[in-house]
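Each chain, letter by letter, is given below.
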Amino acid sequence: MSAVMITRKVRKWEKLPGKNTFCCDGRVMMARQKGVFYLTLFLIVGTCSLFFAFECPYLAVHLSPAIPVFAAVLFLFVMAMLLRTSFSDPGVLPRALPEEATFIEMEIEAANGNVPAGQRPPPRIRNVQINNQIVKLKYCYTCKIFRPPRASHCSICDNCVDRFDHHCPWVGNCVGKRNYRYFYLFTLSLSLLTIYIFTFDIVHVVMRSVDNGFLNTLKETPGTVLEVLVCFFTLWSVVGLTGFHTYLISLNQTTNEDIKGSWSGKNRIQNPYSHKNIIKNCCEVLCGPTYPSVLDRRGLMQEDSPVSTTCTAPPSSSSIAAPQTTHAVLCLQKTTAPLIPNEHTPDDAKPSIAASAEKSPSPKEELPPTPKLPPLASPETDAETSIAKDKTH
Ligand SMILES: [Zn+2]
Ligand SMILES: [Zn+2]
């Protein structure tokens, strides 16, 4: 028995290092923890179902048939925005290739010089100038990159996310550069839907109570009480959240920057991304260009995986052609060049690499020969270090 390497094509999402889950062959991307997202779905779908079952038939006859129609349109819009936020790439930044990580480490060490033993090395920071303001780019010890401005590492998804706003368990995803406007439209439309259902619940109870009495009405439509309770408690949180994000959008600021006080407090640095104009800020955040995903998660890459096999006599001529070819190729690979285990998923790392892979999908270019590298810290150790550092931020 001996181990040989076989090469197979896999989608890049299968080898992405973050803590995400993928469905539909990589088209759908979410965080691993989805329990609260299912609760969100249950509350929205459940409340609307009760409204359509108990209130809409009465209101359509006694008030206007437009009431259930508008509720249905609003409900569909809310669901579309929720799923668009939850199932999309929020703007995850690819990790550095092993070669790039080694190069960056060497650059940092060269810039810092020899740090005496026992002393802490200086923080890994680079300064860039944006609109006459100095902005610090921090080094991510997990992704091994200097994060772009406004990016941050989500410890739940274990990814750096561009224009990171926050991780939202209610939508089961990070909220960042690529899905922020959909998240905002979700909260805004959910606020409207909640107010709409709550208002017409009250109208329905009042109209029926005139004829049947208040207690008889509640007995006839038991779902109404539940709806009113859910809508009442949702109103405070969702409307408050929408108001908070409206305030952030008007300043062109993220939740992460607001919590950290990046542009206020002791720093006294003015927000370099703000246009100093509420309309311009709103237009940029809500109507600005959409950005493509830089992960290329449905692209193909080649993976070498070891397979235990008995490498004895070559197969007889009566064997089918495909196994013969595979065996010959495997034995040839075994005797010519040593194969290096592909531990670092090299093809999914850099936007430039992903972009070039899209342009030229040649398998040879997708899997460049990986040179042997000096030993680096283990990924587990890096992740722990990063999470510990992120918690201190
Ligand atoms: Zn990171
Ligand atoms: Zn996240």
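Relevant structure appears above.
What this report covers is the structure whose coordinates are included nearby. From a predicted model like this one, the values you see are computed outputs, not experimental measurements.

Observations regarding the packing of helix α1 (residues 35-62) against helix α2 (residues 66-86)
Thinking step 1. Where α1 contacts α2, the two axes come as close as 10 Å, and the packing angle between them is 170 degrees. Considering their axes alone, α1 and α2 lie roughly antiparallel with respect to each other. The residues of α2 that touch α1, namely those facing F37, I44, C48, F51, F52, C56, L59 and A60, are I67, P68, A71, F75, V78 and S86.
Thinking step 2. Of the residues that constitute the contact of α1 with α2, the class distribution is 13 nonpolar, one polar and no charged.

Overview of the sheet that holds strand β4 (residues 92-93)
Thinking step 1. Here we have three strands laid out as an open sheet, ordered β4-β9-β8, and antiparallel in their pairing. At either margin of the open sheet sits one strand with a lone partner, and together these are β4 and β8 (152-154).
Thinking step 2. Looking at chain direction, β8 and strand β9 (residues 159-161) are connected through three bridges and run antiparallel. Counterpart to C154 in the pairing with β9 is N159.

Notes on the sheet that holds strand β5 (residues 125-130)
Thinking step 1. Across the sheet, which stays open at both edges, the three strands sit in the order β5-β6-β7 with antiparallel pairing between neighbours. Sheet topology places β5 and β7 (145-146) at the edges, where each strand pairs with a single neighbour.
Thinking step 2. When β5 meets strand β6 (residues 133-140), the two strands line up antiparallel, connected through six bridges. Bridging across to β6, R126 finds its partner in L137.

Notes on α1
An α-helical turn contains 3.6 residues, so any two residues separated by three or four positions project in the same direction.
Thinking step 1. Its 28 residues place the ends of α1 40 Å apart at the C-alpha level, agreeing with the 40 Å of an ideal helix rising 1.5 Å per residue.
Thinking step 2. At E55, α1 shows its largest kink, close to 50 degrees, and the proline P57 lies no more than four residues downstream.
Thinking step 3. Burial in α1 covers these residues: T47, C48, L50, F51, E55, C56 and L59.
Thinking step 4. Contact partners of the buried residues in α1: α2, α4 (180-212) and α6 (222-251).

A look at unusual backbone geometry
Thinking step 1. You will see that N132, though not glycine, has its phi angle at about 65 degrees, which is positive.
Thinking step 2. By the secondary structure assignment, N132 is in the loop between β5 and β6.
Thinking step 3. A tally of 7 C-beta atoms within 10 Å means that N132 is categorised as exposed.
Thinking step 4. With phi around 60 degrees, K144 is a residue other than glycine that occupies positive phi space.
Thinking step 5. Along the chain, the position of K144 falls in the loop between β6 and β7.
Thinking step 6. By the C-beta count within 10 Å, which is 21 here, K144 ends up buried.

Some words on the nonpolar core
Thinking step 1. Counting residues in each nonpolar core, the largest one holds 51 residues, and the members touching the most others are V78, L93, C160, V161, C174, F183 and F186.
Thinking step 2. Within the residue set of this core, elements represented by two or more residues are β3 (28-31), α1, α2, β4, β9, β11 (173-175), α4 and α6.
Thinking step 3. The leading source of residues in this core is α4, at 10 residues.
Thinking step 4. Setting aside chain neighbours within four positions, we find C160 in contact with L93, C140, C143, I145, R147, A151, S152 and H153.

Procedures and definitions
- Residues numbered from 1 in each chain as written.
- Chains lettered and ligands numbered in written order.
- Predicted model: local features only at pLDDT ≥ 70, side-chain atom pairs only at ≥ 80, totals over all residues.
- Axes fitted to C-alpha atoms, helices over the stretch in contact; angles between N-to-C directions.
- Helix = DSSP H or I, 4+ residues; strand = E, 2+ residues; numbered from the N terminus.
- Parallel < 35°, antiparallel > 145°, perpendicular 65-115°, else oblique.
- Contact = placed C-beta atoms within 7 Å.
- Nonpolar A, V, L, I, M, F, W, Y, C, P; charged D, E, K, R; others polar.
- Pairing = 2+ DSSP bridges.
- Expected span 1.5 Å × (residues − 1).
- Bend = angle between axes of the 7 residues up to and from the residue.
- Buried ≥ 20, exposed ≤ 12 C-beta atoms within 10 Å, placed from the backbone.
- Core = buried A, V, L, I, M, F, W, Y, C linked by C-beta atoms within 7 Å.

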